[in-house]
Amino acid sequence: MSLESLSAQLLLNPNADRARAYGAEERAVLSRERAEEAASAIRGWPRYAPTPLRSLAATAREAGVAEVFYKDEGHRFGLKSFKALGGAYAVQVLAAGGGSGLTVACATDGNHGRAVAWGALRAGAKAVIFVHEGVSQGRAEAIAGFGAEVVRAGRTYDGSVRLCAEAAEKNGWQIVSDTSWPTYEDVPKIVMQGYAVMVAEAEAQGARPTHVFVQGGIGGAAAAVLAWLWEGQGARRPVFVVVEPEKAACLFESARAGKPASVGGDLDTIMAGLACGEPSPLAWRILGPGADAFMTIPDAAASEAMRNLADLSVVGGESGVAGLAGFRLAARDAEMRRTLRLDESSRVLVFGTEGATDPEVYHRIVGRAPEDVERAASLEMGEVG
Ligand SMILES: Cc1ncc(COP(=O)(O)O)c(C=O)c1O
């Protein structure tokens, strides 16, 4: 499928308030001070290394912008996604305060559960991870590979969040959720705070974007990146766009409604990590007033972006490439370019939040195994930092 035949929807955030300072209300959710604490803890983990910031020159040329930076989380701590920064960090914080005999539990689309299971293994805690019907067998096995008990329950992510919460209450487990609800905010704040490490690294590696596109599931990752930029740069921060699958666009619908809104249906999308129907209220406190625009993209845009990246010898997973896919669709649409003020001087930053987290799914979509893609040399690919 060619890029030309795909279409996206763009919604300027009607409640965005650029003049609003990053104040106490926002700082109670996420702050640079606590992001620095997370970063200093995570930098101390064995095998820590900043992930590459790749300059995609061919993509920039094709899209008619000055630069496209791809922060490649595909090999973060060997877990293949940025989620290691959040779930595993939260387990570490809880284990430090909780003594022995800790059991942590969470629901997952795949990546968060892998991070929590890995964190529990490192912290000497037990982990029980809930996966819904749509989570691939490969992803469930990867979680079990870290010694976690894997429970299949729930039809969608949102359903398994509830079943996990009930089981945790009954068994005295500590929930380590990436999403929040009104009576449960402390742990998701720690999870999101860990995510900020990826944007802090990108800045340290020299990224000075005018535009940032981040994919959204429950909104935690996007909120963490936006909070960092907003607190640091205020009204001068980059144009910030949240990208979601068209079948699971709860943040897009929340923007339209002016408050957290859910979407129903089976949330059927290949972007498994983004298949969420309910936004995190905590994340919404940052995205609601702070994000400039929301986009939805079709599945075919994600698979096209994966193949396009593979041609540049970069491996990006279905959910990981959504921001890049959204940017590429916006860049070729004259009206979206105007709306987002994208032009030949724009410097765009996207977050490749996962690599081939399920190699079989990757192979099916791209037509090549991830190892083969990475082996292939490409003159087009530059690594900035
Ligand atoms: C690879 C990947 N990217 C992005 C996200 C979105 O993060 P959030 O749910 O915090 O919006 C997820 C969530 O699982 C993910 O797995």
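Computed from a predicted structure; not experimentally measured. (Residues numbered from 1 in each chain as written. Predicted model: local features only at pLDDT ≥ 70, side-chain atom pairs only at ≥ 80, totals over all residues.)

## Concerning the overall build of the chain
Filter applied, for reference: Helix and strand definitions follow DSSP, with helices as H or I runs of at least four residues and strands as E runs of at least two, each counted in order from the N terminus. Using C-alpha atoms as the atom set, the radius of gyration is obtained and then compared with a globule rule of 2.2 Å times the number of residues to the power 0.38. This entry defines residue contacts through backbone-placed C-beta atoms, with two residues in contact when those atoms are within 7 Å.
Looking only at helices and strands, the chain features 16 helices and 12 strands. The globule rule puts the C-alpha radius of gyration for 385 residues at 21 Å, and the 19 Å found for the chain is close to it. Overall size of the chain, expressed as C-alpha extent along the three principal axes, is 55 × 50 × 40 Å. A fraction of 76% describes how many contacts in the chain between residues 6 or more apart in sequence connect residues 24 or more apart.

## Details of unusual backbone geometry
So the rule is basically this: Three exposure classes are used, all based on how many other C-beta atoms lie within 10 Å of a residue's own C-beta (placed from the backbone): buried at 20 or more, exposed at 12 or fewer, and partly exposed between those limits.
Of note, Arg47 is a non-glycine position whose phi angle comes to about 65°, a positive value. Non-glycine residue Arg341 carries a positive phi angle of around 55°. Mapping Arg341 onto the fold places it in the loop between α14 (334-340) and β11 (347-352). We classify Arg341 as exposed; it has 12 C-beta atoms within 10 Å.

## Overview of the site of the ligand
Threshold: Each residue gets a C-beta atom placed from its backbone. If that atom is within 6 Å of a molecule or strand, the residue is near it. Following the grouping adopted for this structure description, the nonpolar residues are Ala, Val, Leu, Ile, Met, Phe, Trp, Tyr, Cys and Pro, the charged ones are Asp, Glu, Lys and Arg, and the polar ones are all others, Gly among them. Residue ranges assigned to each domain were obtained from an automatic or database domain assignment.
Lining the immediate environment of the ligand, one finds 21 residues, of which Gly217, Gly220, Gly273, Thr353 and Glu354 sit closest. Within the residue set of the shell around the ligand, elements represented by two or more residues are α5 (111-123) and α9 (220-233). If you tally residues by element for the shell around the ligand, the top one is α9, at 3 residues. Split into classes, the residues belonging to the shell around the ligand amount to 5 nonpolar, 12 polar and 4 charged. Here the shell around the ligand spans two domains, since at least three of its residues come from each of domain 1 (3-82 + 192-383) and domain 2 (87-177).

## Thoughts on helix α12 (residues 299-311)
This is how the line gets drawn: In a helix, the anticipated span is given by 1.5 Å times the number of residues less one.
When the terminal C-alpha atoms of α12 are compared, their 19 Å separation across 13 residues agrees well with the 18 Å that a helix rising 1.5 Å per residue should span. Within α12, burial applies to Asp299, Ala301, Ala302, Glu304, Ala305, Met306, Asn308, Leu309 and Ala310. Note on α12: the residue one or two positions beyond its end, Ser313, has a positive phi of about 65°.

## A word on the sheet that holds strand β4 (residues 103-108)
Applied cut-off: The rule for pairing is simple: two strands pair if DSSP sees at least two bridges between them.
If you walk across this open sheet you meet the 4 strands as β6-β5-β4-β7, and the pairing is parallel. Each of the sheet's edge strands pairs with one partner strand only, and the pair in question is β6 (149-152) and β7 (174-175). The pairing of β4 with strand β5 (residues 126-131) spans 6 bridges and is classified as parallel. For Cys106, the partnering residue across the bridge sits in β5 and is Ile129.

## Describing the nonpolar core
Rules: A set of buried Ala, Val, Leu, Ile, Met, Phe, Trp, Tyr and Cys residues, joined through C-beta atoms within 7 Å, is what we mean by a nonpolar core.
Core analysis: the biggest nonpolar cluster contains 134 residues, and Val104, Val116, Ile129, Val225 and Leu226 have the highest contact counts within it. A domain-level breakdown of this core finds at least three residues from each of domain 1 (3-82 + 192-383) and domain 2 (87-177). In this view, Leu226 contacts Phe240, Ile286, Leu287, Gly290 and Ala291; residues no more than four positions away in its chain are not counted.

## Overview of the domain arrangement of the chain
Domain annotation of the chain identifies domain 1 (3-82 + 192-383) and domain 2 (87-177). Its C-alpha centre places domain 1 at a distance of 24 Å from the equivalent point of domain 2. Taken together, the 20 residues of domain 1 in the interface contact 17 residues of domain 2. Those elements giving two or more residues to the side of domain 1 that touches domain 2 turn out to be α2 (32-43) and α15 (359-366). Ranked by residues supplied to the side of domain 1 that touches domain 2, first place goes to α2 with 3 residues.

## Brief notes about the pairing of β6
Going by this rule: Looking down the strands as they point away from you, a crossover is right-handed if its path from the first strand over the helix to the second goes clockwise.
Bridge count between β5 and β6: 4 bridges; the pairing is parallel. Its bridge partner being in β6, Ile129 is matched across the sheet by Val150. Remark: the β5/helix α6 (residues 137-144)/β6 crossover connection has right-handed handedness.

## What about the packing of helix α4 (residues 87-98) against α5?
Short version of the rule: Whenever a helix is involved, its axis is fitted only over the stretch in contact; in every case the axis is a line through C-alpha atoms, and angles between N-to-C directions fall within 0 to 180 degrees. Here a crossing is taken to be left-handed if its near helix is turned anticlockwise relative to the far helix by less than a right angle, and right-handed if that turn runs clockwise.
Taken N-terminus to C-terminus, the directions of α4 and α5 make an angle of 35°; their axes are 7 Å apart at the nearest point. Crossing angle aside, the handedness with which α4 passes α5 is right-handed. Judged by residue contacts, Gly87, Ala88, Val91, Gln92 and Ala95 of α4 engage His112, Ala115, Val116, Trp118, Gly119, Ala120, Arg122 and Ala123 from α5. In terms of residue class, the contact of α4 with α5 is built from 8 nonpolar, 4 polar and 1 charged.

## Here we look at helix α13 (residues 322-331)
The element α13 is largely enclosed, with a buried count of 10 among its 10 residues. The set of residues buried in α13 consists of Ala322, Gly323, Leu324, Ala325, Gly326, Phe327, Arg328, Leu329, Ala330 and Ala331.

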